[in-house]
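Spelled out, the chains give:
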Amino acid sequence: MEIKFKMIVLMLSILYTGLTAGLCFTWSNAITPGIGRLDDLGFLQSFQAMNRAIINRSFLVVFFAPIVLLFLNAFLHRNAFSMTMWSFTLAALLYFVGIGLITILKNVPLNEILDKTTLEQLSAAELKELRTKFEHPWNRWHIQRTIASFTSFALLLIGLIYTK
(Lines give C-alpha, C1' and ligand atoms only; values in the text may rest on other atoms or scores of the structure.)
Protein backbone atom coordinates (compact mmCIF):
# COMPACT_ATOMS: atom_id res chain seq x y z
CA MET A 1 0.00 0.00 0.00
CA GLU A 2 1.41 3.32 -1.05
CA ILE A 3 1.28 5.99 1.62
CA LYS A 4 0.58 9.32 0.04
CA PHE A 5 1.64 12.75 1.26
CA LYS A 6 -2.02 13.73 1.60
CA MET A 7 -2.65 10.80 3.96
CA ILE A 8 0.47 11.55 6.02
CA VAL A 9 -0.67 15.16 6.49
CA LEU A 10 -4.16 13.99 7.49
CA MET A 11 -2.84 11.43 9.98
CA LEU A 12 -0.40 13.91 11.55
CA SER A 13 -3.21 16.49 11.73
CA ILE A 14 -5.43 14.02 13.56
CA LEU A 15 -2.62 12.83 15.85
CA TYR A 16 -1.37 16.27 16.89
CA THR A 17 -4.83 17.78 17.20
CA GLY A 18 -5.94 14.80 19.28
CA LEU A 19 -2.91 15.11 21.54
CA THR A 20 -3.61 18.80 22.04
CA ALA A 21 -7.29 18.14 22.74
CA GLY A 22 -6.26 15.53 25.31
CA LEU A 23 -3.79 17.89 26.93
CA CYS A 24 -6.36 20.68 27.11
CA PHE A 25 -9.01 18.31 28.48
CA THR A 26 -6.66 16.95 31.14
CA TRP A 27 -5.51 20.42 32.12
CA SER A 28 -9.15 21.61 32.41
CA ASN A 29 -10.42 18.56 34.26
CA ALA A 30 -7.56 17.58 36.55
CA ILE A 31 -4.69 20.03 36.72
CA THR A 32 -6.39 23.40 37.27
CA PRO A 33 -9.06 21.99 39.60
CA GLY A 34 -6.34 20.20 41.57
CA ILE A 35 -4.01 23.14 41.99
CA GLY A 36 -7.03 25.39 42.49
CA ARG A 37 -7.36 23.78 45.92
CA LEU A 38 -3.95 25.07 46.98
CA ASP A 39 -3.36 28.27 48.94
CA ASP A 40 -2.40 31.35 46.92
CA LEU A 41 1.37 30.86 47.11
CA GLY A 42 1.13 27.14 46.37
CA PHE A 43 -1.20 27.75 43.43
CA LEU A 44 0.98 30.45 41.89
CA GLN A 45 4.20 28.48 42.45
CA SER A 46 2.65 25.37 40.89
CA PHE A 47 1.40 27.28 37.87
CA GLN A 48 4.76 28.99 37.46
CA ALA A 49 6.58 25.66 37.58
CA MET A 50 4.21 23.97 35.10
CA ASN A 51 4.36 26.91 32.69
CA ARG A 52 8.14 26.76 32.74
CA ALA A 53 8.23 22.98 32.32
CA ILE A 54 5.73 22.78 29.48
CA ILE A 55 7.73 25.02 27.15
CA ASN A 56 9.81 22.35 25.46
CA ARG A 57 10.33 21.09 21.93
CA SER A 58 7.81 18.22 22.15
CA PHE A 59 5.05 20.44 23.48
CA LEU A 60 5.70 23.21 20.97
CA VAL A 61 5.60 20.78 18.02
CA VAL A 62 2.43 19.02 19.14
CA PHE A 63 0.66 22.24 20.15
CA PHE A 64 1.57 24.47 17.19
CA ALA A 65 2.21 22.07 14.26
CA PRO A 66 -1.54 21.60 13.68
CA ILE A 67 -1.82 25.28 12.75
CA VAL A 68 0.22 24.53 9.62
CA LEU A 69 -0.87 20.91 9.15
CA LEU A 70 -4.59 21.63 9.36
CA PHE A 71 -4.49 24.35 6.71
CA LEU A 72 -2.30 22.16 4.49
CA ASN A 73 -4.75 19.29 5.03
CA ALA A 74 -7.71 21.51 4.09
CA PHE A 75 -5.86 22.66 0.97
CA LEU A 76 -4.97 19.09 -0.04
CA HIS A 77 -8.65 18.10 0.33
CA ARG A 78 -10.05 21.19 -1.44
CA ASN A 79 -11.50 19.00 -4.21
CA ALA A 80 -12.82 16.31 -1.88
CA PHE A 81 -16.43 15.57 -1.03
CA SER A 82 -18.06 18.75 0.28
CA MET A 83 -18.51 17.45 3.85
CA THR A 84 -14.84 16.44 4.00
CA MET A 85 -13.57 19.72 2.61
CA TRP A 86 -15.72 21.85 4.93
CA SER A 87 -14.94 19.72 8.00
CA PHE A 88 -11.22 20.04 7.39
CA THR A 89 -11.46 23.78 6.66
CA LEU A 90 -13.51 24.47 9.80
CA ALA A 91 -11.10 22.36 11.87
CA ALA A 92 -8.18 24.47 10.63
CA LEU A 93 -9.91 27.80 11.26
CA LEU A 94 -11.17 26.77 14.68
CA TYR A 95 -7.76 25.49 15.78
CA PHE A 96 -6.03 28.63 14.52
CA VAL A 97 -8.39 30.95 16.37
CA GLY A 98 -9.23 28.77 19.38
CA ILE A 99 -5.74 27.46 20.07
CA GLY A 100 -3.27 29.66 18.22
CA LEU A 101 -4.69 33.12 18.76
CA ILE A 102 -6.15 32.56 22.22
CA THR A 103 -2.87 31.06 23.42
CA ILE A 104 -0.73 33.86 22.01
CA LEU A 105 -3.04 36.76 22.80
CA LYS A 106 -4.63 35.68 26.08
CA ASN A 107 -2.94 32.82 27.97
CA VAL A 108 0.72 33.60 27.20
CA PRO A 109 0.52 37.23 28.42
CA LEU A 110 -0.95 35.97 31.71
CA ASN A 111 1.79 33.33 31.93
CA GLU A 112 4.45 36.00 31.33
CA ILE A 113 3.11 38.19 34.14
CA LEU A 114 3.26 35.22 36.48
CA ASP A 115 6.71 34.15 35.25
CA LYS A 116 8.25 37.58 35.87
CA THR A 117 7.01 37.71 39.46
CA THR A 118 9.17 36.65 42.40
CA LEU A 119 6.36 35.13 44.40
CA GLU A 120 8.28 34.69 47.64
CA GLN A 121 8.69 38.48 47.89
CA LEU A 122 4.95 39.18 47.79
CA SER A 123 2.73 39.71 50.80
CA ALA A 124 -0.33 37.54 51.37
CA ALA A 125 -2.54 40.34 50.04
CA GLU A 126 -0.38 40.72 46.91
CA LEU A 127 -0.46 36.96 46.31
CA LYS A 128 -4.25 36.98 46.59
CA GLU A 129 -4.50 39.92 44.17
CA LEU A 130 -2.16 38.26 41.65
CA ARG A 131 -4.08 35.00 41.85
CA THR A 132 -7.38 36.83 41.35
CA LYS A 133 -6.02 38.62 38.27
CA PHE A 134 -4.55 35.41 36.88
CA GLU A 135 -6.65 32.36 37.74
CA HIS A 136 -10.15 33.17 36.48
CA PRO A 137 -9.09 34.79 33.19
CA TRP A 138 -6.55 32.05 32.47
CA ASN A 139 -9.10 29.29 33.14
CA ARG A 140 -11.81 31.06 31.12
CA TRP A 141 -9.55 31.31 28.06
CA HIS A 142 -8.28 27.78 28.56
CA ILE A 143 -11.83 26.39 28.49
CA GLN A 144 -12.20 28.07 25.09
CA ARG A 145 -9.01 26.31 23.95
CA THR A 146 -10.33 23.00 25.24
CA ILE A 147 -13.59 23.39 23.33
CA ALA A 148 -11.77 24.53 20.19
CA SER A 149 -9.26 21.67 20.22
CA PHE A 150 -11.93 19.05 20.92
CA THR A 151 -14.17 20.42 18.17
CA SER A 152 -11.28 20.60 15.69
CA PHE A 153 -10.44 16.99 16.48
CA ALA A 154 -14.08 15.93 16.03
CA LEU A 155 -14.26 17.80 12.70
CA LEU A 156 -11.17 15.94 11.50
CA LEU A 157 -12.82 12.64 12.38
CA ILE A 158 -16.02 13.67 10.60
CA GLY A 159 -14.00 14.67 7.54
CA LEU A 160 -12.15 11.35 7.67
CA ILE A 161 -15.43 9.42 7.76
CA TYR A 162 -16.60 11.19 4.62
CA THR A 163 -13.25 10.88 2.79
CA LYS A 164 -13.68 8.81 -0.35
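Reading guide: rules and limits
- Residues numbered from 1 in each chain as written.
- Predicted model: local features only at pLDDT ≥ 70, side-chain atom pairs only at ≥ 80, totals over all residues.
- Heavy atoms only, no water.
- Core = buried A, V, L, I, M, F, W, Y, C linked by side-chain atoms within 4.5 Å.
- Buried < 20%, exposed > 50% of the residue type's maximum accessible area, 1.4 Å probe, protein only.
- Helix = DSSP H or I, 4+ residues; strand = E, 2+ residues; numbered from the N terminus.
- Phe/Tyr/Trp six-rings, centres within 6.5 Å; stacked < 30°, edge-to-face > 60°.

**Structural notes on the nonpolar core**
So, point 1. Counting 28 residues, the largest nonpolar core has Leu44, Phe47, Leu114 and Phe134 as the members making the most contacts within it.
So, point 2. When contributions to this core are tallied by element, the ones reaching two or more residues are helix 1 (5-35), helix 2 (40-54), helix 3 (57-76), helix 4 (82-115) and helix 5 (124-162).
So, point 3. Take this core: its biggest share by element is seven residues, from helix 4.

**A look at the packing of aromatic side chains**
The relative placement of two aromatic rings is captured by the distance of their centres and the angle of their planes.
So, point 1. Inspection of the entire model under this criterion finds 11 aromatic pairs.
So, point 2. Aromatic side chains Trp27 and Phe47 sit 6.1 Å apart centroid to centroid with 70° between the ring planes, which places their arrangement in the edge-to-face category. Note that Trp27 is positioned in helix 1 and Phe47 in helix 2, a separation of 20 residues in sequence.
So, point 3. Residue Trp27 is classed as buried on the basis of its relative accessible area, which comes to 7%.
So, point 4. On the basis of relative accessibility, which here comes to 1%, the residue Phe47 falls in the buried class.
So, point 5. With a centroid separation of 5.9 Å and an interplanar angle of 20°, the aromatic rings of Phe81 and Tyr162 are classed as stacked. Linking Phe81 in the loop between helix 3 and helix 4 with Tyr162 in helix 5, this pair joins segments that are 81 residues apart in sequence.
So, point 6. Judged by relative accessible area, which is 39%, Phe81 ranks as partly exposed.
So, point 7. By relative accessible area, Tyr162 is classed as partly exposed at 37%.
So, point 8. Members of the aromatic cluster, joined through ring pairs, are Trp27, Phe43, Phe47, Phe134 and Trp138.

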